[in-house]
Amino acid sequence: MENRALFFAATTFSLLLLLLLPHPSTAASATAAASPPLSSTFYHATCPRATSVIRAVVQRAVAGEPRLGASLLRMHFHDCFVQGCDGSVLLDDTGAVEGEKGTPPNKNSLRGFQVVDAAKSELEHVCPGVVSCADTLAVAAREGVVAVGGPSWDLLLGRRDSLAPNASATIELPGPDSPLAGLREMFAAKGFTEAEMVALSGAHTIGRSSCRFFRGRIYNDANMDREYAARLQTACPPVGGDLTVAPLDPRSPDMFDNAYYGNLVERKGLFRSDQALFGGGGGNAVEEQVLRYSRNLSAFEADFAAAMQKMSALSPLTGGQGEVRVNCRRVNPAVE
Ligand code: HEM
Ligand SMILES: *[C@@H]1O[C@H](CO)[C@@H](O)[C@H](O)[C@H]1NC(C)=O
Ligand SMILES: *[C@@H]1O[C@H](CO)[C@@H](O)[C@H](O)[C@H]1NC(C)=O
């Protein structure tokens, strides 16, 4: 009797141990199976046309409105910096859950959602339930850049879509008045070097900003070309006109080139955060990089492409994680 009780207790104890302390090799292989790496051939068997379908939709959209190339690029950035490139930015608010779209960096600001929707709905005809929204956005951002004259980059695929947004994590996105130290910190938190940050900032060679984001710079910044500031003040008065837009790169607003860096050298960065890279005490390494990019387009293009490839791979969900949404704006309904 005593022996049986002892045996029972010992068995229970070792069962508990087994449950509580997963065997190291079992845990490692389970993780590997659950989250394989992104892959260059991910849709080759299941949706070989995925990339070309997205490309065609983006080309059509950008031909109609060039700014959309910029808008898709920014949307991808705002997806990846908030809990990884998981399509979370695409989720609409629901009664129960606040999405990321209504938060300060995104509200009345992120645009181009209809392009992602159009690409996704075409994909759902071609190969239903296969291509994630996070991948759709990653490809759309690249094709948006290419459509306005920028470089391409190899994109690994296989991202899965998040099951929830994280509105509070949007504070991890840099703001237009950030000084260089703040920018450096926010990019370092995502694993980027200062040099990669300077390359990624060249994204501001396309697109538009609303007045409310650059008003803080144009009335009292010594490190700004005066004539340029005066011109912007007309478009962006001290009060009102918050949503009036100006180009980020006045030289070639819809052309993905290196003019952004030339603008910085001329003290014509639109945001404080842009001009922080030049003439604001950033130091030699950053300023030399800005000068180099301003003189060498291919150096910028190569570094931008490499940094985008890295940004596109920020902590994706893969394998059995998350899901492939049917509609990018909402998580799939629970199957009962
Ligand atoms: C370095 C820190 C950054 C700050 C502080 C910043 C801030 C901003 C702000 C305030 C706007 C204007 C938004 C509006 O008016 O609605 C903007 C636009 C834009 N940003 Fe950034 N950004 C940064 C980095 C990036 C990066 C890394 C990318 C992409 C790789 C990017 C891509 C863009 C694009 C393409 C636009 C124009 C969007 C459009 O016209 O729809 N930005 N950014
Ligand atoms: C949302 O993001 C915040 C800030 O990054 C983080 O602390 C929190 O754990 C996240 N919430 C969820 C549910 O992942
Ligand atoms: C421009 O940059 C590329 C790539 O880094 C480099 O190979 C080339 O020599 C540079 N050109 C000049 C004129 O410096």
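In this convention, every chain numbers its residues from 1, walking through the sequence in written order. Key to labels: chains lettered from A, ligands numbered from 1, both in the order written. Selection of residues for local features in this predicted model requires a pLDDT of at least 70, selection of side-chain atom pairs for listing and counting requires 80 or more, and totals for whole chains, interfaces and linings are taken over all residues. Water and hydrogen atoms were dropped before computing side-chain values, which therefore reflect all heavy atoms in the structure.

### Notes on the state of the cysteines
The bond known as a disulfide is covalent and runs between the sulfur atoms of two cysteines.
Next up, step 1: Only a pair of cysteine sulfur atoms within 2.5 Å qualifies as a disulfide here. Counted by the stated rule, this structure contains four disulfides.
Next up, step 2: Through a disulfide, cysteine 47 is tied to cysteine 127; the S-S separation comes to 1.8 Å. On the criterion of sequence distance, the pair formed by cysteine 47 in the loop between helix H2 (24-34) and helix H3 (50-64) and cysteine 127 in the loop between helix H5 (113-126) and helix H6 (133-147) is long-range, its members being 80 residues apart.
Next up, step 3: Across the disulfide, cysteine 133 is cross-linked to cysteine 328 (sulfur-sulfur distance 2.1 Å). Between cysteine 133 and cysteine 328 the disulfide shows an S-S torsion of about -95°. By sign, it is left-handed. With cysteine 133 in helix H6 and cysteine 328 in the segment after helix H14 (297-311), this residue pair connects regions lying 195 residues apart in the sequence. Numbering goes from the N terminus for both helices and strands, where a helix is a DSSP run of H or I of at least four residues and a strand is a run of E of at least two.

### Digging into the site of ligand 2
Next up, step 1: Think of it this way: one heavy atom of a residue within 4 Å of a molecule or strand is enough to make that residue near it. Every residue close to ligand 2 is listed here: Gln83, Asn166, Ser168, Ala169 and Glu172.
Next up, step 2: Between N or O atoms, a polar contact is any pair within 3.5 Å; within protein, one atom must be a potential hydrogen donor and the other a potential acceptor, and residues adjacent in sequence are included only when both atoms are from side chains. Asparagine 166 places a polar side-chain atom, nitrogen or oxygen, 2.4 Å from an oxygen atom of ligand 2.

### Details of the UniProt feature "binding site: Ca(2+) 2" (unreviewed entry) in the chain
Next up, step 1: Mapped onto this structure's residue numbering, the UniProt feature "binding site: Ca(2+) 2" (unreviewed entry) falls at Thr205, Asp249 and Asp257. On the basis of their most widely separated C-alpha atoms, the annotated residues across 53 residues gather in one place, lying no more than 9.8 Å apart.
Next up, step 2: Looking at where threonine 205 falls in the secondary structure, it is placed in the loop between helix H8 (194-201) and strand S1 (208-210).
Next up, step 3: Contact definition: two residues touch when any of their heavy atoms are within 4.5 Å. Residues contacting threonine 205, with those up to four places away along its chain left out, are Asp249, Ser252, Pro253, Met255, Phe256, Asp257, Ala259 and Tyr260.
Next up, step 4: One can find aspartate 249 in the loop between strand S2 (245-247) and helix H11 (259-265).
Next up, step 5: Discounting chain neighbours no more than four positions away, the residues touching aspartate 249 are His204, Thr205, Asp257, Ala259, Tyr260 and Asn263.
Next up, step 6: In this structure the side chain of aspartate 249 is engaged in a polar contact, spanning 3.4 Å, whose partner is the side chain of threonine 205. UniProt positions are given in the numbering used here, feature names are shortened, and annotations may be inferred rather than shown by experiment.

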